[in-house]
Structures are given as C-alpha cells and as structure tokens.
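Take a look at the letters that make up each chain.
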Amino acid sequence: MTLIMGVLNVTPDSFSDGGQWASTDAAIEHGLLLHAQGADLIDVGGESTRPGATRVTPELEQRRIIPVVTELARQGLRLSIDTLNAATALAAAKAGASIINDVSGGLADPGMAAVAAETGLTYVAMHWRAHAQQMDTLAEYDDVVTDVIAALGARVDALTAAGVDRERIVLDPGLGFSKKPEHNWQLINRLDAFAELGLPVMVGASRKRFLAAVLPDGAPVIARDLPTAVVSVLAAQAGAWAVRVHDVAATRAALTVLDSVARSTMGTPRDVPGGMQRPSQWTHD
Ligand code: PMM
C-alpha cells in the first residue's frame with residue numbers, strides 16, 4: 001500500500017500551514033497527531049519552498065527542526081527531513097531521521113550527494129529547476145512528462161556517480177515546482193510513465209495552487225484537502241510509493257477505500273499496477 005508522509009513544516013511562512021507549528025512543542029504535538037492519524041512517515045521541514053519564499057540559513061533551519069526530529073525519533077516515529085542543505089541533512093540523520101527529502105534532487109547543495117552516500121539514508125530526489133524566487137519563471141517544457149523523466153534520470157546518474165546507492169533513491173516529479181497548472185495535471189495523468197525509471201516514486205500535491213482551480217473562487221486553502229485526497233488515490237493507483245500530505249486523516253481514509261475495494265474482489269490486495277520498485281525497508285508489514 002502507498003505510504004503516507006505527513007507534512008510537518010516548522011516554519012513561520014509556509015503557504016498552507018504557515019506559522020501554526022512554529023514552536024518546538026507545538027511541532028512535536030502535531031507530528032504525533034499526524035502519526036496517530038495514520039502517517040507512516042513524518043516529513044519535517046524548517047525552510048519554506050513556497051513560490052517567492054526567501055531562504056533561511058542552515059543554522060536557523062537546524063534550530064527549528066533538530067529538537068523536533070530528536071524527540072519524534074525518540075518516540076519511535078519514522079522521519080524524513082525536508083531540506084536543501086547537506087549540513088542540515090547530516091544533522092537530521094544524526095538526530096534520527098531515516099529519509100532525506102531534497103526538493104532540489106541534489107542541485108541546490110553540491111555537498112548533498114556525499115551526505116546521502118555517507119549516511120546511506122533513503123534519498124528523495126525531486127524534479128527542481130530553481131529556488132523559490134525564480135521557479136515560476138522556468139515553467140516551460142516541450143513535453144512535461146518526458147522532460148521531467150529525462151531530468152530525473154540525469155539526477156539518478158549524477159547521484160549514483162557521486163556514490164549514492166541506487167537502491168536508496170526515490171524520485172518525485174515535483175508538482176508545483178516550475179510547473180504551470182496544466183503541467184501538474186499532465187504529470188498526474190502520466191504518473192505510470194515514471195515506472196520506466198525503475199525506482200520508487202512519491203507525489204506531493206497537497207494544498208498546492210493548481211488544486212484551487214477545482215474549487216469555488218476564494219475557497220480557503222484547507223478546502224484543497226479533498227482534491228488532495230483524490231490525487232492521493234490516483235497516485236496510489238499509478239503505483240506511487242508514497243504521497244506527501246498535510247491532511248493525513250483524509251488521505252488515510254481515501255487510501256483505505258482503495259484498499260477495501262481491492263480486497264473485496266480477490267481477498268488479497270490487487271497487485272499495484274505500474275511496476276514501480278519499493279525500497280524493502282519501507283514496505284508495509
Ligand atoms: N512539496 C513541498 C515541499 N516538499 N517534497 C517532496 N518530495 N515533494 C513535494 O512535492 C514537496 C516537497 C512544498 O509544499 P509545502 O510548502 O506545503 O511543504
């Protein structure tokens with residue numbers, strides 16, 4: 001079954017849940033809530049990547065997230081660290097994180113591949129073109145699906161050449177990052193095509209701007225949780241390894257519907273179509 005990665009942004013400026021969990025205690029409490037709601041993994045981030053966001057120093061990022069990672073790891077939660085910075089990834093690994101979630105796929109920090117290689121953690125490489133200030137100006141593609149697959153394939157080559165174990169790499173098409181709305185829909189439509197890379201794929205649609213188009217004008221950001229859960233189902237049907245969401249309860253219910261339907265006909269879960277690989281350490285029991 002597709003894993004659910006719950007979003008825990010410990011930042012004052014995140015577009016969707018900004019500021020809400022910005023104190024350590026509140027962040028820990030929210031991480032535990034996401035876990036109780038059915039998150040398999042908690043993705044802890046200390047730097048916003050929303051369009052237009054300004055960068056923070058790795059020191060500030062670490063002050064925000066390391067106490068949260070330390071405590072949630074102590075309580076036995078499986079954690080990923082959402083960072084562009086190699087130093088932060090290393091500090092989080094030492095504090096107990098199991099996954100490095102790098103939205104730049106190693107392009108933002110030349111030291112990241114070495115940290116991924118040295119720590120041996122699972123490494124999520126997302127499709128990325130530029131930092132938040134510039135990314136919306138770089139949303140041009142010949143064919144977004146083939147272009148993103150080619151770019152991710154090139155990242156896999158570069159990462160493995162730098163010593164990262166191929167078996168540890170997870171790929172992500174990067175919905176909303178240098179993508180126009182139609183690009184996001186096309187990528188969701190063709191998630192199955194990413195199986196050709198032979199690696200697990202994760203998808204992050206949660207609360208992103210393109211989802212506003214399916215809602216009435218002026219709908220609050222939280223109303224995007226329902227279309228997010230629908231995208232989670234589509235991603236699971238395409239064989240996604242994980243979905244990254246803010247509203248874990250909604251996606252857990254949606255994926256349980258899918259699982260119940262699959263079990264109803266055959267008594268056992270249907271084979272996941274798409275043929276994407278899953279790192280053995282992250283499969284469900
Ligand atoms: N999106 C955001 C942050 N981190 N990580 C991965 N792997 N994939 C994503 O699509 C992704 C990400 C931006 O969303 P947020 O500001 O709500 O965290």
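Our subject is the structure listed above.
All values derive from a computational prediction rather than experimental measurement. Within each chain, residue numbers correspond to sequence positions counted from 1 in written order. pLDDT decides what is reported in this predicted model: residues at 70 or higher carry local features, side-chain atom pairs at 80 or more are listed and counted, and totals for whole chains, interfaces and linings draw on all residues regardless. In computing side-chain values, all of the structure's heavy atoms are included and hydrogens and water are not.

J.: Looking at this structure, I do not really get the site of the ligand. What am I missing?
T.: Looking at the ligand, there are 18 residues lining it, with Asp82, Asn101, Asp172, Lys208 and Arg244 nearest. Arg244 places a polar side-chain atom, nitrogen or oxygen, 2.7 Å from an oxygen atom of the ligand. Taken by itself the ligand offers 410 Å² of open surface, and the protein chains cover 98% of this. Working definition: helices are DSSP H or I runs of at least four residues, strands are E runs of at least two. Numbering for both runs from the N terminus. Listing elements by their share of the shell around the ligand, those giving two or more residues are strand S1 (3-9) and strand S5 (122-126). Each residue receives one of three labels: charged for Asp, Glu, Lys and Arg, nonpolar for Ala, Val, Leu, Ile, Met, Phe, Trp, Tyr, Cys and Pro, and polar for the others, Gly being one of them. Its residues assigned to classes, the shell around the ligand shows 7 nonpolar, 7 polar and 4 charged. One heavy atom suffices: a residue is near a molecule or strand as soon as one of its heavy atoms comes within 4 Å of it. Any N or O atom pair separated by 3.5 Å or less is treated as a polar contact, with the protein-specific requirement of one donor-capable and one acceptor-capable atom, and with residues adjacent in sequence counted only for side-chain atom pairs. Only the protein chains shown count as cover for residues, and all accessible areas are computed by the Shrake-Rupley method using a 1.4 Å probe.

J.: Would you mind showing me how to read the nonpolar core here?
T.: Most often, soluble globular proteins keep nonpolar side chains buried together rather than apart. Residues belong to one nonpolar core when they are buried, are Ala, Val, Leu, Ile, Met, Phe, Trp, Tyr or Cys, and are joined through side-chain atoms within 4.5 Å. Exposed residues in this analysis have more than 50% of their type's maximum accessible area, buried residues have under 20%, and partly exposed residues fall in between, with area computed by a 1.4 Å probe over protein chains only. Within the largest apolar cluster, 68 residues are counted, with the highest numbers of intra-cluster contacts made by Val44, Ile100 and Phe194. Take this core: its biggest share by element is 7 residues, from helix H5 (residues 144-161). With residues near it in sequence (within four places) discarded, Ile100 still touches Ile81, Ala89, Met112, Val115, Ala116, Thr119, Leu121, Thr122, Tyr123 and Val124. In this description, contact between two residues means that some pair of their heavy atoms is separated by no more than 4.5 Å.

J.: Would you explain the packing of aromatic side chains in this entry?
T.: In this description, an aromatic ring pair is defined by two values, namely the gap between the centres and the angle between the planes. Pairing of aromatic rings covers Phe, Tyr and Trp, the last counted by its six-membered ring, and requires centre-to-centre distances within 6.5 Å; plane angles under 30 degrees mean stacked, over 60 mean edge-to-face, and any other angle means tilted. Here the structure, examined in full by the defined rule, presents 1 aromatic pair. Each ring, one from Trp185 and one from Phe210, has its centre 5.0 Å from the other, and the planes form 80 degrees; the classification is edge-to-face. One end of the pair, Trp185, is in helix H6 (residues 181-189); the other, Phe210, is in the loop between strand S7 (202-203) and helix H7 (225-237), and 25 residues separate them in sequence. By relative accessible area, Phe210 is classed as buried at 4%.

J.: What should I look at first to understand the pattern of salt bridges in this one?
T.: Opposite charge on two side chains permits them to pair, given that their charged atoms come into close proximity. Criterion for a salt bridge: a side-chain nitrogen of Lys or Arg within 4 Å of a carboxyl oxygen of Asp or Glu. Evaluated as defined, the whole model comprises 10 salt bridges. Arg207 is the partner of Asp225 in a salt bridge, and the nearest nitrogen-oxygen pair spans 2.8 Å. Of the two residues, Asp225 sits in helix H7 while Arg207 sits in the loop between S7 and H7, which places them 18 residues apart along the sequence. The same class applies to Asp225 and to Arg207, which are both buried. Shared partners join several salt bridges into a network, and the residues in it are Asp43, Asp82 and Arg244.

J.: How should the pairing of S1 be read in this particular structure?
T.: Every regular strand shows the same layout, with side chains that alternate between the two sheet faces. Extensive coverage of S1 is indicated by the burial of 7 of its 7 residues. Here S1 shows no split at all, with Leu3, Met5, Val7 and Asn9 on one side and Ile4, Gly6 and Leu8 on the other all buried. A pair of strands is treated as paired once DSSP finds two or more bridges between them. Direction of pairing for S1 relative to strand S8 (residues 242-245): parallel, over a ladder of 4 bridges. Along S8, the bridge assignment pairs Leu3 with Ala242.

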